[in-house]
Amino acid sequence: MASVRAIEEGERAPPEAGKRRGRLASPGIITVVFVLALPPLLLFFLFSDQAASSLTAGSLVWQRVKEQWSNIASSSFPEKSGGAHDRLLGGLLSPDFDEATCRSRYEASRRWKPSPFPISPYLAERLRQYEANHRRCGPGTPHYRAAVAQLMSGRNGDRGECKYVVWLPIQGLGNRMLSVVSTFLYALLTGRVLLVHEPAEMEGLFCEPFPATSWRLPADFPLIDRFFAGSIFPYRDGFLVDSKESYVNMLESNVLRYDDNGGGGGDGDASALPPFVYFHLEQVQLRLQNHTFCEEDHRVLDKFNWMVLRSDSYFAVALFLMPMYRAELDRMFPAKGSVFHHLGRYLLHPGNRSWGIIERFYGGYLAGADERLGIQVRISPFMSVPFEAMYEQILRCTREHGLLPQVTDASEPAGRPASGAAKVKAVLVVSLMPEYHDKLHSVYYTNATATGEVVTVYQPSHDQSQHTEARAHNERALAEIFLLSYCDAVVTSGWSTFGYAAHALAGLRPWLLMPPDGSKTRTDAACVRPASVEPCLHSPPSLVCRAEQDDDPVAHVPFLRHCEDAELGLKLFD
């Protein structure tokens, strides 16, 4: 059967759905049955008859949806005082928000399993301090207007009251989530205010993360004409690796230099510096540029009041390589494997449109199951794998590690309990392509399982190709990242930033589908379990700095190791 189609505005069930309703015997029964049937009927209209056909794959799933609907519906409302729901995530979130403006902020945690990482009290304290500084320096404030006037004057000026880092998006949603979390961590460490450029494809995608202020860069920002028109094509004089305002290029052209005291602009006078610096952190040939994570360079960068930053990488890892930040990072993150887990949950709240997709799909397909398994399949353009080879790898992974049961040729399950109450496992398939869902669905729809479990398979969307330039595509992608993070176990594709974001938000170590090497399509190990939930920095920075040798940091940093799916990549672990 085809996959569940993307949930789009205005989509309705076909007229035939209405004919499936049975007859009722009396007005009293009509009333009762109507009340009981209303939620599943809503599912028909919200998700089309594809959902209905999947739900009827096992009456057990249908029964469980009805039984749990009252709990699902009640979870859409704020928790009553004294409830078990930790709406502030242990002090990570501020309570100072209007819940209606962003329903996901205090509701998302209802679906997550308890975090394996306690919140550091110092991290919570630093977040409250940051919020206060953002309110003081954010858009619309006198300090912001003064900083913009200084920017337009053509020089950096002396130490301003407020410093800023302007984040530019690039690549797909997974890259953007990893990059903006890294930029926020950099802002925390350097006392800067984070402002994000929000092109049309990102409008309303995420909620405002800071109370009583905005992180959105105002439309009248002086440099905005040089930012991307979208995410794909820059203007001719946009910010690129060879931009004259790039920090590395200004070093090479002697506009800037550093000395033993960390001075900039020759004599160390901050007012002699250019009005802003562009910090380019895009991976090129699996390497970040030199002079990006050396202490002497960051002492110069710190003198600029305005920084424009563009990155597609999880460069938060590289900040841990710098001794000047180490003490602060140790206090904020005693568990090194918790960085994206905590900061992603703090910063990235789906907007109400994406959250509506999440709630409807979770309530309609996943909530009634005893267990949820997420399978995310991303075929990299530079690591092409035939469908059959990847499907076989998924089956090997899920069955070798007990994630999915074997099927039998019998029409009845071999291990069905006498009571008839079989375990229900919902499988969420997330992929641009429909074939993985369709084949897996067919296997478990047609055959009984050896364990007696009922396995149902769903796919929210299949857009065939990535369309980062389209807001609706990004809304669906964000919804699916969060739906994956609500699963009890996840299988994700190696090298996928989309998968990294999902399992790190969940706090789950995934089963990572290993990318094949160039000589064969079948990997020796179908999947491996990473050392931590942290994303991988595919492109480590050069650490030559002033030393003659570029040492492997894994050799001397105890909480760092190479990534399982990227030989040269770096990741944090405990």
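A brief report on the enclosed structure follows. It should be emphasised that the depicted structure is a prediction, and the values quoted were computed from it without experimental measurement.

Scoring rules and cut-offs
Residues numbered from 1 in each chain as written. Predicted model: local features only at pLDDT ≥ 70, side-chain atom pairs only at ≥ 80, totals over all residues. Heavy atoms only, no water. Helix = DSSP H or I, 4+ residues; strand = E, 2+ residues; numbered from the N terminus. Buried < 20%, exposed > 50% of the residue type's maximum accessible area, 1.4 Å probe, protein only. Contact = heavy atoms within 4.5 Å. Salt bridge = Lys/Arg side-chain N within 4 Å of Asp/Glu carboxyl O. Pairing = 2+ DSSP bridges. Axes fitted to C-alpha atoms, helices over the stretch in contact; angles between N-to-C directions. Parallel < 35°, antiparallel > 145°, perpendicular 65-115°, else oblique. Left-handed = near helix turned anticlockwise from the far one by under 90°. Nonpolar A, V, L, I, M, F, W, Y, C, P; charged D, E, K, R; others polar. Phe/Tyr/Trp six-rings, centres within 6.5 Å; stacked < 30°, edge-to-face > 60°.

**Details of unusual backbone geometry**
Unusually for a residue other than glycine, Ala-212 sits at a positive phi of about 60°. Looking at the secondary structure, you find Ala-212 in the loop between strand 2 (192–196) and helix 7 (247–252). When its relative accessible area of 72% is taken as the criterion, Ala-212 is described as exposed. At Asn-254, a residue that is not glycine, the phi angle is positive and equals roughly 65°.

**Here's the deal with helix 16 (residues 497–506)**
Where burial is concerned, most of helix 16 is hidden: 10 out of the 10 residues are buried. Taken together, the buried positions of helix 16 are Thr-497, Phe-498, Gly-499, Tyr-500, Ala-501, Ala-502, His-503, Ala-504, Leu-505 and Ala-506. Those residues of helix 16 that are buried lie in contact with helix 6 (173–190), helix 11 (339–347), strand 5 (371–377), strand 6 (424–431), helix 15 (471–485) and strand 8 (489–493).

**Notes on the pattern of salt bridges**
Under the criterion given, the structure shown has 25 salt bridges. A salt bridge links Glu-99 to Arg-87; its shortest N-O distance comes to 2.4 Å. Of this pair, Glu-99 sits in the loop between helix 2 (59–74) and helix 3 (104–107) while Arg-87 sits in the loop between helix 2 and helix 3, and the two are 12 residues apart along the sequence. Of the residues examined, Glu-99 reaches a relative accessible area of 26% and is grouped as partly exposed.

**Concerning the sheet that holds strand 2**
Strand pairs in the sheet, formed through backbone hydrogen bonds, run parallel or antiparallel to each other. In space, the 4 strands of this open sheet follow the order 2-1-4-3, with parallel pairing throughout. With partners counted over all chains shown, the strands left at the sheet margins are strand 2 and strand 3 (277–281), one partner each. Within this sheet the neighbouring strands show an average axis-to-axis angle of 25°, counted without direction. Two elements, strand 1 (residues 163–168) and strand 4 (residues 306–311), share 5 bridges in a ladder whose sense is parallel. Each residue of the ladder has a partner; that of Val-166, found in strand 4, is Val-308. Sitting on the sheet, helix 4 (residues 121–137) is in contact with strand 1 and strand 2, with an inclination near 70° to strand 2.

**Topic: the packing of helix 6 against helix 16**
Contact geometry of helix 6 with helix 16 gives a least axis separation of 7 Å together with a crossing angle of 55°. As summarised for this structure, helix 6 and helix 16 are arranged oblique, according to the angle between their axes. For helix 6 against helix 16, the interelement crossing comes out left-handed. Counting all contacts with helix 6, which are made through Gly-174, Asn-175, Met-177 and Leu-178, the residues of helix 16 involved are Thr-497, Phe-498, Tyr-500, Ala-501 and Leu-505. Tallied by class, residues from the contact of helix 6 with helix 16 come to 6 nonpolar, 3 polar and no charged.

**Quick word on the packing of aromatic side chains**
Tallying each qualifying case throughout the model produces 24 aromatic pairs. Taking the centre distance of 6.3 Å and the plane angle of 75° together, the rings of Tyr-144 and Trp-306 count as edge-to-face. Linking Tyr-144 in helix 5 (residues 142–152) with Trp-306 in strand 4, this pair joins segments that are 162 residues apart in sequence. The same class applies to Tyr-144 and to Trp-306, which are both buried. Aromatic side chains Phe-320 and Phe-559 sit 5.9 Å apart centroid to centroid with 75° between the ring planes, which places their arrangement in the edge-to-face category. Placement of Phe-320 in the loop between helix 9 (316–319) and helix 10 (323–332) and of Phe-559 in the loop between strand 10 (527–528) and strand 11 (560–562) is noted, with a sequence separation of 239 residues between them. When sorted by exposure, Phe-320 lands in the same class as Phe-559, which is buried. An aromatic cluster of at least three residues, connected via ring pairs, comprises Tyr-130, Phe-184, Phe-210, Trp-215 and Tyr-346.

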